[in-house]
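# Understanding the architecture of this molecule
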Amino acid sequence: SLAKGCDSHYPPPRSYIWDHFNVHTQRATLAVCRHCGANISRGRDPRHLATLGLSSHMKQHHPSISVGGGAASPCSGSISTQSSPGVDGGRQTQSTLEDWGMPLARKRTGETLPTPQQITQSVGEMMALDHHPFRLVEQDGFVRLMKRLCPRYKIPSRHTFSRKVIPRLYEGCKERIIQMLRSAMGGHIHFTSDIWSSLGRGHSYLSLTAHWWEKEGSMDTSHRWALLALEVVDRDHKAETICSYLGNMMGEWMRCRPEEMRRGFMVTDAGKNMIKAVESAGFLNVTCMAHLLHNTIKEGLKSPEEQPASTANIALLIERCRKIAGYFHRSIKAARQLRERQSLEGLLQHKLLQDVSTRWNSTYKMLERMVEQQKAVHGISLTLVVPVSKLVPTKQEWDTISQLVDVLKPFKHATETLSESKALLSQAVPLVLGLRRHLERLGAGRTLDSLAGPLTPPVQEVVRRLSFAVRKRLEPLLSSKVHMLAALCDPRLKYNICPKDFTVWKGQLVNLVREVFAARVGETGTVAPLPEMPATPSTSASGENSAECSVNRYFEEPPEIISCDPLAYWASRDHMWPDLSHVARQFLSCPPTSVQSERVFSLAGDVVTPHRSLVDPQTVEKLVFLKANLPMLNFPNLDFDTDAS
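Residues numbered from 1 in each chain as written. Predicted model: local features only at pLDDT ≥ 70, side-chain atom pairs only at ≥ 80, totals over all residues. Heavy atoms only, no water.

Going by the annotation in an unreviewed UniProt entry, the name recorded for the chain is BED-type domain-containing protein, with Anolis carolinensis given as the source organism. Note on the chain: under the UniProt heading Subcellular location (unreviewed entry), the record states "Nucleus". (UniProt positions renumbered as here; feature names shortened; annotations may be inferred.)

And the structure:
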């Protein structure tokens, strides 16, 4: 029988998986599957056995059988399960309706059933996280599910969820974020802000996110961020209006750490209204690097009427690629022909991508995919309708597209690097220097290793315009105090990013360390000597010498390897150079872009859907707030005063 090999001398653990296995009679390290008789290893050492292999066996060979529910054992004969390959000649039969009727096991000792309040909270969190409409709780499928799982649970109405549950979750989540902000290392909290307009409802939203470092142990640190506010701005977008809204949004959070939050930087796009609004609100504005890169590329690829003929060819060529990609997206027949041609040419069956005008890297990906599928697109050009077939590039134009992709590749890498959630402000300067060297090499007539020949005239014009745009928009960062000091405080870079002006920037860093030293002495009234040095007048009694000494010792150490984590580095040096560490954390904890604010708008776009077309703006704000913040919170159970009315 399938139970052959069972042995009562080895009582199985109380995991549900043992409803489907028995311990082998002769080898305690093996388990015998009750369904197919297979012997599955539980590990080599009898003292340390696991059930992972058993679970994997059930998922791979018996996927239709429920494991977690504590189903009745097949050995009991109470239900009919899949036939064993050893018993039924290797043939597996399909699950029957009886398999779905397996009763749930009794509640195990020590388990507690969820309370109605906990169930209500979980349903509310599901609505916020998975974009379910409030009417979900009134739909037949959900009602039937809850009756089966919790027959005694009385489902609150959709109005209860929209008016009580979601607002209560919002307040609880807000309190948890306030606690997190209070634990920010050194009180350094920075912000990003942006504006987005919802085409569906005609509302504009202003976002505000916070970014900081958090210490998770004696040495471990981590990047943290949170959405603080998302408010409707249905008035004009003048600087005065934005400043007023920012002031109201910050007022809700200033009670956490008002002085520290006021000292933080605020990252926004390069719009004059945003810059003026941020400065009027009392923050130091940092321009978003992603926007600077977007505007730089946009200037290198302007529309035809704004360019000479050679560069106009590039803009027209991009527009033709855009139309070709759109045609294959609209036509089912053309898409099928493309797949057939891809198989014939041995190419990956990738769809042609369409770009978005507000994201230059989407244009890059569109061109990159066109180059990848060049043979397929060119091969079926004769079978396409006449207007589209005339859009397919010629041999020289394909070379131009391929070269343009190679020229723009470092810009794509810079955009993606700076848009990562853990990107540092210090990374901006070395990337700008790298882009400048890249364009100088192309402008001097040298080609890239990936290029087979010299640049075509249209690409040469793009390189010239990109060089001008980099000097105009990106190189000013090389004289930006915020960006340069952030790079100096990155232990992987140090003096390598400014060998000519190193003395000047080092002096500014020393001045900042002196200011922190003076503030610390003013608060404590005492001066502690540096731990690694003897307490002498030059190192402990003099703030100036102490600041300069710690900075000198920092630069005397060689730069760290590229894999070094600057957060962990400064956490380990905090006891050695407390004032310098304070300054370093201030600059390095600021993000280089406002991408996180823009990602919040993507969440808002998921919330404002046809299924939620009538949700008021205030509820949208709360739903987006929960969607952004709930996944990173260890959220406690809340009390809900709800009813089903």
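## Quick notes on the overall build of the chain
Broken down by element type, the chain carries 25 helices and 8 strands. Counting all 645 residues of the chain, 48% fall into the buried class. Long-range pairs, those at least 24 residues apart, make up 66% of the contacts in the chain between residues at least 6 apart in sequence. Carbon and sulfur atoms provide 52% of the accessible area of the chain, an area that totals close to 32500 Å². (Helix = DSSP H or I, 4+ residues; strand = E, 2+ residues; numbered from the N terminus. Buried < 20%, exposed > 50% of the residue type's maximum accessible area, 1.4 Å probe, protein only. Contact = heavy atoms within 4.5 Å. Areas by Shrake-Rupley, 256 points an atom, 1.4 Å probe, with all protein chains shown as cover.)

## Brief notes about the environment of Leu-485
Structurally, Leu-485 is set in helix α18 (residues 481-488). What makes Leu-485 buried here is its relative accessible area of 0%. Non-local contacts of Leu-485, meaning those with residues more than four positions away in its chain, are made with Trp-505, Gln-508, Leu-509, Leu-512 and Phe-587.

## Comments concerning the nonpolar core
Side chains of a nonpolar character, in soluble globular proteins, are inclined to be buried together. If you look at the biggest cluster of nonpolar residues, it comprises 65 residues, and the most contacted ones within it are Ile-177, Leu-181, Phe-191, Leu-208, Trp-212, Leu-228 and Val-624. In terms of residue count, helix α5 (residues 158-182) provides more of this core than any other element does, 10 residues in total. If you look at the next biggest cluster of nonpolar residues, it comprises 50 residues, including Val-377, Leu-384, Ile-401 and Ala-428. (Core = buried A, V, L, I, M, F, W, Y, C linked by side-chain atoms within 4.5 Å.)

## Comments concerning the packing of α5 against helix α25 (residues 617-629)
At a minimum axis distance of 10 Å, the contact between α5 and α25 shows a crossing angle of 45°. The angle between the axes of α5 and α25 places the two elements in the oblique class. Every pair of crossing elements has a handedness; the one defined by α5 and α25 is left-handed. In this structure, α5 uses Ile-166, Pro-167, Leu-169, Tyr-170, Cys-173, Lys-174 and Ile-177 to contact α25, whose residues at the interface are Lys-622, Leu-623, Phe-625, Leu-626 and Asn-629. Its residues placed into classes, the contact of α5 with α25 shows 9 nonpolar, 1 polar and 2 charged. (Axes fitted to C-alpha atoms, helices over the stretch in contact; angles between N-to-C directions. Parallel < 35°, antiparallel > 145°, perpendicular 65-115°, else oblique. Left-handed = near helix turned anticlockwise from the far one by under 90°. Nonpolar A, V, L, I, M, F, W, Y, C, P; charged D, E, K, R; others polar.)

## Quick notes on the pairing of strand β8 (residues 284-287)
In summary, the side chains of a regular strand alternate between the two faces of the sheet. Pairing analysis gives 4 bridges linking strand β7 (residues 265-268) to β8, with the strands arranged parallel. Within the sheet, the bridge partner assigned to Phe-265 lies in β8 and is Leu-284. A crossover links β7 with its parallel partner β8, the connecting element being helix α8 (residues 272-280), and its sense is right-handed. (Pairing = 2+ DSSP bridges. Right-handed = clockwise from strand over helix to strand, strands pointing away.)

## Structural notes on the packing of aromatic side chains
In the structure shown here, the tally under the stated rule is 16 aromatic pairs. Residues Tyr-327 and Phe-328 carry aromatic rings whose centres are separated by 5.6 Å and whose planes lie at 75° to one another, so their mutual orientation is edge-to-face. According to the relative accessible area criterion, Phe-328 is buried, its value standing at 5%. An angle of 40° between the planes, with centres 5.1 Å apart, marks the rings of Tyr-554 and Trp-570 as tilted. Placement of the pair is Tyr-554 in helix α21 (residues 543-556) and Trp-570 in helix α22 (residues 566-572), with a sequence separation of 16 residues. Residue class for Trp-570 comes out buried when judged on its relative accessible area of 0%. Pairwise contacts between aromatic rings join Tyr-495, Phe-502, Tyr-554, Phe-555, Tyr-569, Trp-570 and Trp-577 into one cluster. Lying over the aromatic face of Tyr-554, Lys-494 brings its terminal NZ or CZ to 4.4 Å of the ring centre. (Phe/Tyr/Trp six-rings, centres within 6.5 Å; stacked < 30°, edge-to-face > 60°. Lys NZ or Arg CZ within 6 Å of the ring centre and 35° of its normal.)

## Brief notes about the sheet that holds strand β2 (residues 30-33)
Overall, antiparallel pairing links the 3 strands, which are arranged β1-β2-β3 in an open sheet. Pairing within the sheet leaves two strands with one partner each, and these edge strands are β1 (21-23) and β3 (39-41). Across the sheet, the mean angle separating the axes of adjacent strands is 35° when strand polarity is ignored. Bridge analysis of β1 against β2 gives 3 bridges, and the strand direction is antiparallel. By the bridge assignment for β2, Asn-22 is matched with Val-32.

## Quick look at a positive patch on the surface
Residues Lys-333, Arg-336, Arg-339 and Lys-351 make up a contiguous surface patch of positive charge. Among the secondary structure elements, Lys-333 is positioned in helix α11 (residues 332-345). (Patch = residues over 30% accessible without salt bridge, like charges linked within 9 Å, V, L, I, M, F, W, Y side chains within 5 Å. Salt bridge = Lys/Arg side-chain N within 4 Å of Asp/Glu carboxyl O. Lys, Arg positive; Asp, Glu negative; His and termini not counted. Charge placed at Lys NZ, Arg CZ, Asp CG, Glu CD.)

## Details of unusual backbone geometry
The backbone of His-131 shows a phi angle near 60°, a positive value even though the residue is not glycine. Considering the arrangement of structural elements, one finds His-131 in the loop between α3 (116-130) and α4 (140-149). With relative accessibility at 24%, the residue His-131 sits in the partly exposed group. Even without being glycine, Lys-494 reaches a positive phi, approximately 50°. Tracing the backbone shows Lys-494 in the loop between α18 and α19 (502-524).

## Remarks on the environment of Ala-571
The residue Ala-571 is located in helix α22 in this model. Expressed as a C-alpha distance, the spacing of Ala-571 and Met-185, which sit 386 residues apart in the sequence, is 9.4 Å.

## Some points on the pairing of β7
Residues Phe-265 and Val-267 of β7 are buried on one face, and the alternating residues Met-266 and Thr-268, pointing to the opposite face, are buried as well. Examined bridge by bridge, strand β4 (residues 184-197) and β7 share 2 bridges and lie parallel to one another. Within β7, the residue paired with Phe-191 across the bridge is Met-266.

## Let's talk about the side chain of Arg-34
If you trace the backbone, Arg-34 turns up in the loop between β2 and β3. Asp-19 provides the closest opposite charge to the buried, salt-bridge-free Arg-34, at an N-O distance of 5.7 Å. A distance of 2.9 Å separates a polar atom in the side chain of Arg-34 from a polar atom in the side chain of Asn-22. (Polar contact = N/O pair within 3.5 Å; in protein donor to acceptor, adjacent residues only side chain to side chain.)

## Side note on the environment of Phe-191
Tracing the backbone shows Phe-191 in strand β4. Along the primary structure Phe-191 and Thr-209 are separated by 18 residues, whereas in three dimensions their C-alpha atoms are 5.4 Å apart.

## Looking at the pattern of salt bridges
For the structure on display, the rule yields 22 salt bridges. Between Glu-299 and Lys-472 there is a salt bridge; the shortest N-O distance is 3.9 Å. Separated by 173 residues along the polypeptide, Glu-299 in helix α9 (residues 289-300) and Lys-472 in helix α17 (residues 457-474) bring together distant segments of the chain. Since its relative accessible area comes to 47%, Lys-472 is described here as partly exposed. Linking Glu-461 and Arg-464 is a salt bridge whose minimum nitrogen-to-oxygen distance equals 2.6 Å. Of this pair, Glu-461 and Arg-464 are both found in helix α17, 3 residues apart, which corresponds to roughly one turn of the helix. Note on Arg-464: relative accessible area 48%, which makes it partly exposed. In the salt-bridge network here, residues are joined through shared partners; they are Glu-299, Lys-472 and Arg-473.

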